[in-house]
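# Residue-level structure breakdown
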Amino acid sequence: MWLPGAQPEIDCDMAEAPAIEKSRLRAEAMTRRDALSADQRQAASEAIAARPFPLPIRTGTIVSGFMPLKSEINPLPLLRKLAGEGARLALPVIGGRGQPLVMREWTWGEPLAAGVWGIREPLAQAPAVDPDIVLTPLLAFDRARHRLGYGGGYYDLTIAQLRERKTIVAVGIAFAVQEVFTVPVTPRDAPLDLVLTEREVIDFRDG
């Protein structure tokens, strides 16, 4: 029987369940991603870049990408192609835990500095910009617009903040093996608009 002021133990378990499930999915997704050979990862990146991009790129459209970490899919072939079509590029800079990413403008070929975790990022004098298209790394995704990141919440916070300021398109980029049936969600998780894999374009805006 529930008494006023009492908090049943099951509620704690239910609150912890998404975090536990996310931790399990992260480990499984990392294992699947790491199992891909370097040739498979390169072929997937090139396949995504070779396909027509599903969004209009006009001169000056700002596309933020990212520098791949460990076995992440490499978005650089796609970024190079979009720059050739007139896009302005940006890359993320980590400002601090619990803070949104700062997207700084970057021109293809410009030097980069080593940031947090050794990830290459634009130099400090590069101007901050609000991208129109956010290429988003992930560990896993499902068909309900949800992505699973590394747990820091940087992209969720960044995408949510950008959406308060302007219309953006959040595009997950991943290997097909990173798809799962369901990603547990919490209120802070920012949904994706599209996912690009080497096999297909998944456009959630039509749903």
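Structure: above.
Residues numbered from 1 in each chain as written. Predicted model: local features only at pLDDT ≥ 70, side-chain atom pairs only at ≥ 80, totals over all residues. Heavy atoms only, no water.

## A short note on the sheet that holds strand E9 (residues 169–173)
For the record, the criterion: When DSSP finds at least two bridges between two strands, those strands are taken to pair. Secondary structure elements follow DSSP: runs of H or I no shorter than four residues count as helices, runs of E no shorter than two count as strands, and numbering proceeds from the N terminus. Axes here refer to lines fitted to C-alpha atoms; in helices the fit is confined to the stretch in contact. Angles between the N-to-C directions go from 0 to 180 degrees.
What the seven strands build is an open sheet, ordered E3-E2-E1-E6-E9-E10-E11; its pairing is mixed. In this open sheet, the two strands that pair with only one neighbour each are strand E3 (102–106) and strand E11 (201–203). Neighbour-to-neighbour, the strand axes of this sheet turn through a mean angle of 25°, independent of strand direction. Taken together, the three bridges between strand E10 (residues 194–196) and E11 define a ladder with antiparallel strand orientation. When the sheet's bridge partners are listed, Leu 194 is paired in E11 with Asp 203.

## Topic: the environment of Arg 41
Our working rule: Three labels apply to residues, based on accessible area from a 1.4 Å probe with only protein chains included: buried if under 20% of the type maximum, exposed if over 50%, partly exposed otherwise in between. Contacts were defined at the residue level, with two residues in contact if any of their heavy atoms lie within 4.5 Å. In the analysis that follows, any N or O atom pair within 3.5 Å is treated as a polar contact, provided that within protein one partner can donate a hydrogen and the other can accept it, and provided that, for residues neighboring in sequence, both atoms belong to side chains.
With respect to the helices, strands and loops of the structure, Arg 41 is situated in helix H2 (residues 38–50). Here Arg 41 falls in the partly exposed class, since its relative accessible area comes to 22%. A C-alpha to C-alpha distance of 7.9 Å links Arg 41 and Ser 71, two positions 30 residues apart in sequence. Once you skip the residues sitting within four places of it in the chain, Arg 41 turns out to touch Arg 33, Asp 34, Leu 36, Ser 71 and Phe 175. In terms of polar contacts, Arg 41 uses its side chain to reach the backbone carbonyl oxygen of Leu 36, at 2.6 Å.

## Topic: the layout of surface pockets
To be explicit about the condition: Computed over the protein atoms alone on a 1 Å grid, cavities are sets of points where a 1.4 Å probe fits but cannot get out and pockets are open sets with protein on both sides within 12 Å along at least five of seven lines; a residue lines them when it has an atom within 4 Å of a point. Grid points are joined across faces, edges and corners, and a volume is the space filled by probe spheres set on the points. Amino acids are sorted into nonpolar (Ala, Val, Leu, Ile, Met, Phe, Trp, Tyr, Cys and Pro), charged (Asp, Glu, Lys and Arg) and polar (every other residue, Gly among them).
Estimated volume of the largest pocket: approximately 650 Å³. At the level of elements, helix H1 (9–34), strand E2 (88–93), strand E5 (120–121), strand E8 (147–148) and helix H4 (154–165) are the ones that each hand at least two residues to the lining of the largest pocket. With four residues, H1 is the largest single contributor of residues to the lining of the largest pocket. Of the residues in the lining of the largest pocket, the class split is 16 nonpolar, four polar and twelve charged.

## What to know about empty space enclosed by the protein
Scanning the entire structure with this criterion turns up one cavity of 30 Å³ or more. Estimates place the volume of the largest cavity at around 30 Å³. Along the walls of the largest cavity sit Arg 33, Phe 66, Glu 72, Ile 73, Pro 137, Leu 138, Ile 173, Ala 174 and Gln 178, which together make up its complete lining. In terms of residue class, the lining of the largest cavity is built from six nonpolar, one polar and two charged.

Purely geometric numbers; function is a separate question.
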